[in-house]
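A look at the structure
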Amino acid sequence: MSHSELGDAGTGVTNSSPVPAVQLSGIAKRFGAVVACDNVDLALARGRIHGLLGENGAGKSTLMKMLIGLVLPDAGTIAIDGKTESIHDPLTASALGIGMVHQHFSLVDALAVWENVTLGDAGRLDPNATRNRIGEISEQYGLVIDPDKRVGDLTAGLRQRVEIIKCLRRDPSIVIFDEPTSVLTPEESEQLFESLRHVVAAENRAVVLVSHKLDEVLHATDDITIMRQGRVVDQRYSTDADAPTLARAMVGREVSLRSERAALGIHSLDDTDLDDVEPVEPDTVLPATAQPVLRIDRAVAHDADGVVALDEFSLEMHSGEIVGVAGVEGNGQRALGDVLSSLLTLSSGTVAVDGAVVPTGKSGAMAEAGIGVIPEDRHDSGLVLDMTVAENLVLVDQSRAATRGLIDQRRLHAFTEEMIEQFNISCGGPTAPMWSVSGGNQQRVVLARELSQEPKILVAAQPTRGLDVGAIEYMSHRLETAAASGVAVLLISSELEEILELSHRIIVMHSGRIVGEMSRAEANFETLGLLMGGAAA
Amino acid sequence: MTDATTAVDAVGSPDAQPGRTRRGARLSEWSALYAMSIFAALVLSAILVEATGGDWRPVVSALLDGSVRRPGRWGETLATAAPLLVVALGTVISSKAGLVNIGQEGQLYVGAAVGAYFGFLIGGPGPINVVLILIIGAAGGGLWAGVAAGLRYWRGVPEVLSTLLLVTVGGQAVAYSLRWEWLLLAPEGRRGNRNQVSEQLATDNRLPRPDFFGNEFPLTVFISVVLAVIVAFALSRTVWGFRLRMLGRNPRAAQRSGVSETRYGAMALMLGGAFAGLAGAAMLTGGGFAFGNYQMVPGFSANIGWTGLLVALVAYEKPLAAIPVAVVFAGLRTGSSFVGSTGVEGRITDVISGLLVLALLIPAAVMLLRDRRRARAAATERV
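Residues numbered from 1 in each chain as written. Chains lettered and ligands numbered in written order. Predicted model: local features only at pLDDT ≥ 70, side-chain atom pairs only at ≥ 80, totals over all residues.

1. Notes on the overall build of chain A
To keep things clear, this is the line we draw: Each helix corresponds to a stretch of at least 4 residues labelled H or I by DSSP, and each strand to a stretch of at least 2 residues labelled E; elements are numbered beginning at the N terminus. Counting other C-beta atoms within 10 Å of a residue's own tells you its class, since 20 or more makes it buried, 12 or fewer makes it exposed, and anything in between is partly exposed; those C-beta atoms are placed from the backbone.
Scanning chain A from N- to C-terminus turns up 19 helices and 22 strands. A buried classification covers 52% of the 537 residues belonging to chain A.

This is how it looks when you write it as structure tokens:
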């Protein structure tokens, strides 16, 4: 592929190449009331790796999706090698030499590696040519793989290798990696970055590394752009950056000197010496009981892909406290919620409620032991959309509406009316199908059901996601009230503000482990930001 | 506004909520769809008959003669509808739990054979033995489906495949047992000139066949209607039915709520098989024109399993709606047996009844797809 090298000064932080490979100017995108990208300028230079850093929802992915034609910008221009282009679909992007390695695999388990690599091609299949091409790429980039292996039999790291080969096979001049290490072990990540360096240095490609991990952005990139709430808040050379500055820019808080020092202190934390740093009373509601109501002991769990989701995770909770679980999504929070919903079986370790071990993965066991759950995705395990509001309110426990195995419609309706009033659920009545109810009210149905069961422990995973301001306030208030009445609340959230507002104690998860624990008083955005980015490890 | 409708009825009809107007609109939508597709099927059939050199008018007349008009025929139609309904009820139970059981034909055949075997073996006093045969037939069909359930919950084999393939296995197993006297084959001298036939049930081992205005049909007709009411009630009003529906609609929510997929799923699949087996035993003990001579013969199941599955589909998984649908399908069957006398070729009548079955299925399929799309749209819109 040849690209004209018109001499003109490039913009952005890098000037190593006269015309940037990609120049995004004034890009804006809204989804309804949400501004995903707001007047974003970004230049990508050839021969350099550009880190795009930001929290979940900062607009990184949307920006990249516009570059590969999955999302159309509302405003702004995209110039490739100095020429303004309109990228309205992925085919155009591909023709322009832009390729993306997606965060979520788009592979077919039942097919062989070479078959997956050819997916999306038109015309006749040429197995041998494809195998040879895979061999070439493998050699060139050190991405060794057997083209005849079934993808379903590969580890997550190898699968990602397939994704990368799939992308490189088309010889893109601009490559986007979207959170490539979220499923990789540290060694695999290391390998990946090595081959990345190679791609860039030897072939003068432009590479974007989308990430929320401070460490890897610092080590693997040349330039860094930090996004927050749809805006570019900082751009700098990696050599000029350090973890605390990046953390601050990423979470967007002024940080005092004191907390900065605290942050450095936290640096030495890892879960082996957690016990020494154990809580801290100040404004914490101190447990009245000696025995923890929930005790998770060295839990290890794997997700569906066989990736370790919880890695020797241990946690104790007492009645009446709100424990916030901070962390970038995809670091084991979902597995934690699933284990406490009886949806995931532990590979080792135990979960005990009030001192009694509860079998994991046994249907209904956790609910019966007194663990209520507001799941991360209420449509996944929280509601049955095809059933009515009334039925959804007794999904977990039918006993309050049943006598001798028969559902008593009168009692069911009475209970439903009571809940509708108590929790202000706006719906078309008890018999309205669940899918006809709005998202915020669906969430209230979940909340009403779980609280009405008087749980000992309430797991609230991303409880305010997608809710409007009023609904968020309502949810927060409910969680606080629950804690005040003696429920142990485990608040899993990727919204730091929510965690800092509600929690008495905060733990930070990274790669399935607890990498930090502190009381509310000790916590601040920067410390949390650093820990979440895995900088402490 | 909504207290007249029950909470549970809304499951199959997601539009139940906003009261009468929507419901009325939906009803007319349904009627229009049925009218259109049946009309289209009739026109196509008429064209087909004319094109092959026949006349469509006598064909329609023969259909009516065979299903209701001639003396004794509506009794025959009801007698055929009963096992169809029983099979359909079992299918409804399985599919409410989210399972696709398509092996009713085999479950019915095996159930009937097992019932017959033990019926002859025990040979107790008449009425007691009839009840025993029915119960054992149901158990046989249930266990046959239990093979599929075991494969699914222990080894992860999809029940769609296993139930279907077990139809063939069951057919061969029964055929085998009809070759050996120690199994089902009638002793020499009592099987006439046929060599794969069981003994006939003794006269007191048969279900009574009351006579109404010259139409006689076995007691199974009443039994099947009672069963339909029981199933409808169990699914909509009991905790068991509630949990079964939960499993079918959202297995993960069910898992969290203590509905074990293995236990409830296996139970639903085996119940589906048990109903098919019961239908088989009822055909055996009920006899009549439709189902031969109170004895096992090769091909005894006579497509009742397959047709029962269709009845469940057309009835949109509603037990009570399955009653009229079963009667319609039975009428098609009894009616088309008369069409041959019009001189139209047998294959053409097969195509015609196929077209009519399709016509009955299409509205349900259209509505199902549309409801799904609506539900999905609503779900994504309102996250």
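2. What about the packing of helix α3 (residues 73-96) of chain B against helix α10 (residues 261-286) of chain B?
All names here are of chain B. Put simply, the test is: As a rule, the C-alpha atoms of each element are fitted with a line to give its axis, helices using only the stretch in contact, and angles between N-to-C directions run from 0 to 180 degrees. Geometric relationships in this document are graded by angle, where less than 35 degrees denotes roughly parallel, more than 145 denotes roughly antiparallel, 65 to 115 denotes roughly perpendicular, and other angles denote oblique. Throughout, the ten residues Ala, Val, Leu, Ile, Met, Phe, Trp, Tyr, Cys and Pro are labelled nonpolar, Asp, Glu, Lys and Arg are labelled charged, and all others, Gly among them, are labelled polar.
At their nearest, the axes of α3 and α10 sit 7 Å apart, and the two run at 170° to each other. Between α3 and α10, the interaxial angle falls into the category roughly antiparallel. Residues that form the contact of α3 with α10 fall into these classes: 17 nonpolar, 6 polar and no charged.

3. Considerations on the domain arrangement of chain A
All names here are of chain A. For clarity, the threshold we go by: Residue ranges labeled as domains rest on an automatic or database domain assignment. Here, residue contact means that the backbone-derived C-beta atoms of the two residues sit within 7 Å.
When its domains are assigned, chain A resolves into domain 1 (259-370 + 455-532) and domain 2 (383-449). Contacts between the two partners involve 7 residues from domain 1, matched on the other side by 5 residues from domain 2. Broken down by element, the side of domain 1 that touches domain 2 gets its largest block of residues, 3 residues, from helix α17 (residues 469-484). A per-class count over the side of domain 1 that touches domain 2 returns 4 nonpolar, 1 polar and 2 charged.

4. Thoughts on the nonpolar core
How we decide: The nonpolar core is taken to be a set of buried Ala, Val, Leu, Ile, Met, Phe, Trp, Tyr and Cys residues joined by way of C-beta atoms within 7 Å.
Among the nonpolar cores identified, the biggest contains 257 residues, and Leu85(B), Val311(B), Ala322(B) and Ala326(B) are the most heavily contacted of them. At 16 residues, α10(B) tops the list of elements feeding residues into this core. Counting contributing residues, this core receives three or more from each of domain 1 (259-370 + 455-532) and domain 2 (383-449) of chain A. Excluding anything up to four places from it in sequence, Ala326(B) contacts Ala81(B), Leu84(B), Leu85(B), Ala88(B) and Val311(B).

5. Notes on the environment of Gln462(A)
Residue and element names in this part refer to chain A. Tracing the backbone through its elements, the reader meets Gln462 in the loop between β19 (457-461) and α17. In this structure, the C-alpha to C-alpha distance between Gln462 and Gln333, residues 129 residues apart in sequence, is 9.8 Å. Among residues more than four places away in sequence, those in contact with Gln462 are Glu376, Ile492, Ser493 and Ser494.

6. Observations regarding the confidence of the model for chain A
All names here are of chain A. Where we set the bar: pLDDT is defined as a per-residue confidence score from the predictor, taking values between 0 and 100.
Chain-level statistics for chain A give a pLDDT mean of 82 and a share of 87% at 70 or above. Confidence drops under pLDDT 50 across residues 1-16; counting only partners more than four residues distant or on other chains, this segment forms 38 contacts. Under a pLDDT of 50 for its full length, residues 254-288 has, in the predicted model, 59 contacts with residues more than four places off or in other chains.

7. A few points about the packing of helix α8 (residues 239-249) of chain B against α10(B)
Residue and element names in this part refer to chain B. Put simply, α8 and α10 touch, their axes get as near as 10 Å, and they point 105° apart. It follows from the interaxial angle that α8 and α10 lie roughly perpendicular. Of the residues in α10, those in contact with Arg243, Leu244 and Leu247 of α8 are Glu261, Tyr264, Gly265 and Ala268. Considered class by class, the residues forming the contact of α8 with α10 number 4 nonpolar, 1 polar and 2 charged.

8. A look at unusual backbone geometry
All names here are of chain A. For Asn39, which is not glycine, the phi torsion reads 50° and is therefore positive. Mapping Asn39 onto the fold places it in strand β2 (residues 34-44). Backbone geometry places Ser511, a non-glycine residue, at a positive phi of 50°. Structurally, Ser511 can be placed in the loop between β21 (505-510) and β22 (513-519). Ser511 gets classed as buried once you count the C-beta atoms within 10 Å, which come to 21.

9. Considering the sheet that holds strand β9 (residues 223-228) of chain A
All names here are of chain A. We count it as follows: Strand pairing is defined by DSSP finding a minimum of two bridges between the two strands.
One open sheet accounts for 6 strands, arranged β6-β7-β8-β3-β9-β10; its pairing is mixed. One side of each edge strand has no neighbouring strand; the edge strands of this open sheet are β6 (98-101) and β10 (231-237). Shown here is a sheet whose adjacent strand axes are inclined to one another by a mean of 20°, direction ignored. The sheet contacts of helix α5 (residues 156-168) involve β6 and β7 (174-178), and relative to β6 the element is tilted by about 175°.

10. A short note on helix α15 (residues 409-422) of chain A
All names here are of chain A. Keep this limit in mind: One less than the residue count of a helix, multiplied by 1.5 Å, gives the span that helix is expected to have. By construction, the arc corresponds to the directions joining the helix axis to the C-beta atoms.
Compared with the 20 Å implied by 1.5 Å per residue over 14 residues, the 20 Å span of α15 between its first and last C-alpha is a close match. Looking at α15, one finds that the buried residues are Leu412, Thr416, Met419 and Ile420. For α15, the angular spread of the buried residues around the axis is 100°, confining them to a single face. With respect to the buried face of α15, the exposed residues turned more than 90 degrees away are Arg410, Glu421 and Gln422. Among the residues trailing α15, Asn424 stands out with phi positive, at a value near 55°.

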